[in-house]
Amino acid sequence: MSMKRLAMLTGGGDCPGLNPVIRAATRRALQEGYEVLGIRNGWKGMIEKNFIPLDRRAVAGILHRGGTILGTSRTNPRKMEGAVEKIFENFKGLNLDVLIAIGGDDTLGVAYELYRKGLATIGVPKTIDNDIPGTDYTFGFDTAVNIAMEALDRLHTTAESHHRVLIAELMGRHAGWITLHAGMAGGADYILLPEFPKSMVEVAEALKKRHATGRTFSIIAVAEGFKIEGEEVLQTQEKDAFGHVRLGGVGERIAKLIEKLTGFETRSVVLGHLQRGGAPTAYDRVLGTRYGLKAVELAMQGQFGKMVALHGTEIVAVDLQSVTKAKVVTQELYAEAQTFFG
Ligand code: F6P
């Protein structure tokens, strides 16, 4: 009897914790007697039949490494003529029994569509943005939050010395999770999220009040997707293959407005891809590892069309279908953070 074959791919933006998933899934699958393949560069590799064999050696020494040893891309097969058919052809040609797709809403959306068309897929939710529904947390988020928190700590000391307002623009696309958590952990004096409109006059008044009590500096954490008077700030008008705009520049815009409204010297900094690079935290290594193990367990049980998820402290399986809508910050959580504004 021929050996069962399991493949995995990583798609979308990279994220600390991907390598722990790859390592755990590979080691568990090898123990269960699977032959394991790593598809290179997300869906692009499935279309091009670009893969590497994954054995014990291939996944040694990667637990602590950021990024993904498989490479990634934002290739969207749904937008490419004949690509979905090619994926089916290569799945068959490679004698695969199951494909584990490790990615965010885009990658998992494709995995779900392929599952509906008859392909044996299983999803693992990844993103620093933490905006995937159906799971309490995605891996990568904790690392990004810690990096952003450390940046806010550093901004505090220089803001205080120079009596400035400093604004940190943080990632997260249309969800404010990174900014909310980093802002709370880093003691930001104002937190601006895509989910909650705020007028610059309101922010300026809060800062003026704070400075009237003798404080001479303030820190604002703003999410890249925050809208100024209902408008997102874009780096370019171009969209990627999944239709996403490239956000960027809101921090600088706000800095100018706040300086004008308050008279306080105001500067901004964009943290950007620093939030996505480097080693995963212990939390993300453990979460990624547990997700990887569970994905193989689902593969063994033939539970396709599922995504592994964290519910409380348990790793469970939910329908891949649940990823269609982004998970955003709730009013209750924002209200907690608001206690510390100004
Ligand atoms: O989804 C992860 C993320 O880092 C977002 O927070 C950010 O808006 C986007 O990816 C940036 O994408 P890229 O790396 O393609 O510029």
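Residues numbered from 1 in each chain as written. Predicted model: local features only at pLDDT ≥ 70, side-chain atom pairs only at ≥ 80, totals over all residues. Heavy atoms only, no water.

A. The site of the ligand, seen in detail. Neighbouring the ligand are Arg74, Ile128, Asp129, Met171, Gly172, Arg173, Glu224, Arg246, His273 and Arg276. The contact in question runs from an oxygen atom of the ligand to an N or O atom on the side chain of Asp129, over 2.7 Å. Between the ligand and Arg276 there is a distance of 2.8 Å, counted from an oxygen atom to a side-chain nitrogen or oxygen. A total of 400 Å² of accessible area belongs to the ligand in isolation, and the protein chains cover 80% of it. When grouped by side-chain class, the residues that make up the shell around the ligand number two nonpolar, two polar and six charged. (Near = heavy atom within 4 Å. Polar contact = N/O pair within 3.5 Å; in protein donor to acceptor, adjacent residues only side chain to side chain. Areas by Shrake-Rupley, 256 points an atom, 1.4 Å probe, with all protein chains shown as cover. Nonpolar A, V, L, I, M, F, W, Y, C, P; charged D, E, K, R; others polar.)

B. A look at the packing of helix α7 (residues 200-212) against helix α8 (residues 250-262). Interaxial distance between α7 and α8 falls to 9 Å at its minimum, and their mutual angle equals 55 degrees. The angle between α7 and α8 places the two elements in the oblique class. In the crossing of α7 with α8, the sense of the turn from one axis to the other is right-handed. Facing Met200, Val201, Val203, Ala204, Leu207 and Lys208 of α7, the residues of α8 in contact are Ile254, Leu257, Ile258, Leu261 and Thr262. Looking at the contact of α7 with α8, its residues break down into nine nonpolar, one polar and one charged. (Axes fitted to C-alpha atoms, helices over the stretch in contact; angles between N-to-C directions. Helix = DSSP H or I, 4+ residues; strand = E, 2+ residues; numbered from the N terminus. Parallel < 35°, antiparallel > 145°, perpendicular 65-115°, else oblique. Left-handed = near helix turned anticlockwise from the far one by under 90°. Contact = heavy atoms within 4.5 Å.)

C. Looking closely at the sheet that holds strand β7 (residues 190-192). Pairing within the open sheet is parallel, and its four strands lie in the order β7-β8-β6-β11. The outermost strands of the open sheet, each flanked by one partner alone, are β7 and β11 (266-270). For this sheet, the mean inter-axis angle between neighbouring strands, taken without regard to orientation, is 20 degrees. For strand β6 (residues 165-170) and β11, the ladder comprises five bridges, and the chain directions are parallel. Of the residues in β11, the one forming a bridge with Glu169 is Val270. Sheet contacts for α8: β6, β7, β8 (218-223) and β11; angle to β11, the most-contacted strand, approximately 175 degrees. (Pairing = 2+ DSSP bridges.)

D. How the structure looks around helix α9 (residues 282-301). Helix length check: α9, at 20 residues, gives a terminal C-alpha distance of 29 Å against a target of 28 Å (1.5 Å per residue), a fit within 8%. Turning to α9, its buried residues are Asp284, Leu287, Gly288, Thr289, Tyr291, Gly292, Lys294, Ala295, Val296, Leu298 and Ala299. The first or second residue beyond α9 is Gly302, which carries a positive phi of 70 degrees. (Expected span 1.5 Å × (residues − 1). Buried < 20%, exposed > 50% of the residue type's maximum accessible area, 1.4 Å probe, protein only.)

E. Focus on helix α4 (residues 105-116). The end-to-end C-alpha distance of α4, which contains twelve residues, comes to 16 Å, matching closely the 16 Å that a straight helix rising 1.5 Å per residue would cover. Residues Asp106, Thr107, Leu108, Gly109, Val110, Ala111, Tyr112 and Leu114 constitute the buried set of α4. Where the residues of α4 are buried, they touch β1 (5-10), α2 (43-48), α3 (83-93), β4 (98-103), β5 (121-125) and β12 (306-311).

F. Quick look at the packing of aromatic side chains. If you walk through the whole model with that rule in mind, you get five aromatic pairs. Taking 5.7 Å as the distance between ring centres and 65 degrees as the angle between the ring planes, the aromatic pair formed by Tyr334 and Phe341 counts as edge-to-face. We classify Phe341 as buried; its relative accessible area is 15%. Taken together, Tyr190, Phe196, Tyr334 and Phe341 form an aromatic cluster joined through their ring pairs. One Lys or Arg, Arg210, reaches over the ring of Phe217 and ends 5.1 Å from the middle of that ring. Between Lys327 and the ring centre of Trp177, over which it is positioned, the NZ or CZ distance is 5.6 Å. (Phe/Tyr/Trp six-rings, centres within 6.5 Å; stacked < 30°, edge-to-face > 60°. Lys NZ or Arg CZ within 6 Å of the ring centre and 35° of its normal.)

G. Spatial organisation of the sheet that holds strand β3 (residues 51-53). With mixed pairing, the seven strands of this open sheet are ordered in space as β3-β2-β1-β4-β5-β12-β13. The sheet is open, and its two borders are formed by β3 and β13 (314-319), each paired with just one other strand. The mean angle between the axes of side-by-side strands here comes to 25 degrees, regardless of whether they run parallel or antiparallel. Strand direction decides the pairing type here: β5 and β12, joined by two bridges, are parallel. Within β12, the residue paired with Gly123 across the bridge is Met307.

H. Representation of the environment of Gly186. Within the secondary structure layout, Gly186 lies in the loop between α6 (177-185) and β7. Residue Gly186 is classed as buried on the basis of its relative accessible area, which comes to 5%. The sequence separation of Gly186 and Gly123 amounts to 63 residues, and the corresponding C-alpha distance is 33 Å.

I. Examining the domain arrangement of the protein chain more closely. Partitioning the protein chain into structural domains gives domain 1 (5-139 + 280-324) and domain 2 (143-277). Between the C-alpha centres of domain 1 and domain 2 there is a distance of 33 Å. Buried surface at the junction of domain 1 and domain 2, summed over both partners, amounts to about 1500 Å²; 54% is from carbon and sulfur atoms. On the domain 1 side of the interface with domain 2, the three residues burying the most area are Arg74, Ile128 and Asp129, jointly 39% of the side's total. Summed over the shared surface of domain 1 and domain 2, the number is two salt bridges. Residue Arg276 pairs with Asp14 through a salt bridge whose shortest N-O separation is 3.0 Å. Counting every contact that joins domain 1 to domain 2 gives six residue pairs in polar contact (both at pLDDT 80 or more). (Domains from an automatic or database assignment. Buried area = accessible area lost by both parts, 1.4 Å probe. Salt bridge = Lys/Arg side-chain N within 4 Å of Asp/Glu carboxyl O.)

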